[in-house]
Amino acid sequence: MPSNLDQLYRSVIMDHYKRPRNHGTLEGPDSMTISMNNPSCGDKIFVSLKLDGDKIVDIKTSGSGCAISQSSASMMTEAVKGLRIKDVDELSFDFSELVQGREHNDDLDLGDAEALQGVSQWPARIKCATLPWKAMEKCLREAVKLQAEQQ
Ligand code: ZN
């Protein structure tokens, strides 16, 4: 990776770490909140989201841990907010491929989350980067169940 690109990615990651987007917890009976840990690094992520039909209309995260996990959570919220479940699943898979150093689909818009592609060079940190996405997927399944119960 050219060093100037590396530098750019580093500053994007630190920006999300210092000023997390969509930070907090959603309240209310129509939102779902779950937490997930990454014991190998000590990261903890809370994700809350709200569905309208099959679309994520609001999402917030909070938590504690390393810069990779916390910045990844912030980037993830920006990438999936407003998307339909089918597109979220596709994007989530694509992100997982990207951080494992496999080919990612250029047609999909990961936004700032692309800055985490360098993580593929540090296998121990891959779980830090994917934790918020896994937590979001788990929260999404629970939110679908909640929605079905409320109908
Ligand atoms: Zn971590």
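It should be noted that the structure appears before, not after, this text.
Description of the structure in this document. (Residues numbered from 1 in each chain as written. Predicted model: local features only at pLDDT ≥ 70, side-chain atom pairs only at ≥ 80, totals over all residues. Heavy atoms only, no water.)

### Let's talk about the coordination of the zinc ion
Part 1: Binding of the zinc ion to the protein goes through Cys-41 (SG), Asp-43 (OD), Asp-43 (OD), Cys-66 (SG) and Cys-128 (SG), at separations of 2.1 to 2.7 Å.
Part 2: When the donor residues of the zinc ion are listed from N- to C-terminus, their spacing reads C-x1-D-x22-C-x61-C. Of the two residues, Asp-43 sits in strand E2 (residues 43-52) while Cys-128 sits in helix H4 (residues 126-150), which places them 85 residues apart along the sequence.
Part 3: Since its relative accessible area comes to 1%, Asp-43 is described here as buried.
Part 4: In this structure Cys-128 comes out as buried when scored by relative accessible area, which is 0%. (Donors = N, O, S within 2.8 Å, 3.2 Å for Na, K, Ca; no water. Helix = DSSP H or I, 4+ residues; strand = E, 2+ residues; numbered from the N terminus. Buried < 20%, exposed > 50% of the residue type's maximum accessible area, 1.4 Å probe, protein only.)

### As for the nonpolar core
Part 1: Ranked by internal contacts, the top residues of the largest apolar core, which has 41 residues, are Leu-49, Val-80, Leu-116, Trp-133 and Met-136.
Part 2: Elements with a minimum of two residues in this core: helix H1 (3-18), strand E1 (31-38), E2, strand E3 (55-64), helix H2 (67-80), helix H3 (85-99) and H4.
Part 3: If you tally residues by element for this core, the top one is H4, at eleven residues.
Part 4: If near-sequence neighbours (up to four positions away) are discounted, Met-136 is found in contact with Val-47, Leu-49, Ile-59, Met-76, Val-80, Val-88 and Ser-92. (Core = buried A, V, L, I, M, F, W, Y, C linked by side-chain atoms within 4.5 Å. Contact = heavy atoms within 4.5 Å.)

### Notes on the packing of H2 against H4
Part 1: Direction vectors running N to C along H2 and H4 enclose 45°, while the axes themselves pass 7 Å from each other. With respect to H4, the axis of H2 lies oblique. Between H2 and H4 lies a crossing of right-handed hand. Here Ile-68, Ser-69, Ser-72, Ala-73, Met-76, Ala-79 and Val-80 of H2 lie close against H4, whose contacting residues are Cys-128, Ala-129, Pro-132, Trp-133 and Met-136.
Part 2: When grouped by side-chain class, the residues that make up the contact of H2 with H4 number ten nonpolar, two polar and no charged. (Axes fitted to C-alpha atoms, helices over the stretch in contact; angles between N-to-C directions. Parallel < 35°, antiparallel > 145°, perpendicular 65-115°, else oblique. Left-handed = near helix turned anticlockwise from the far one by under 90°. Nonpolar A, V, L, I, M, F, W, Y, C, P; charged D, E, K, R; others polar.)

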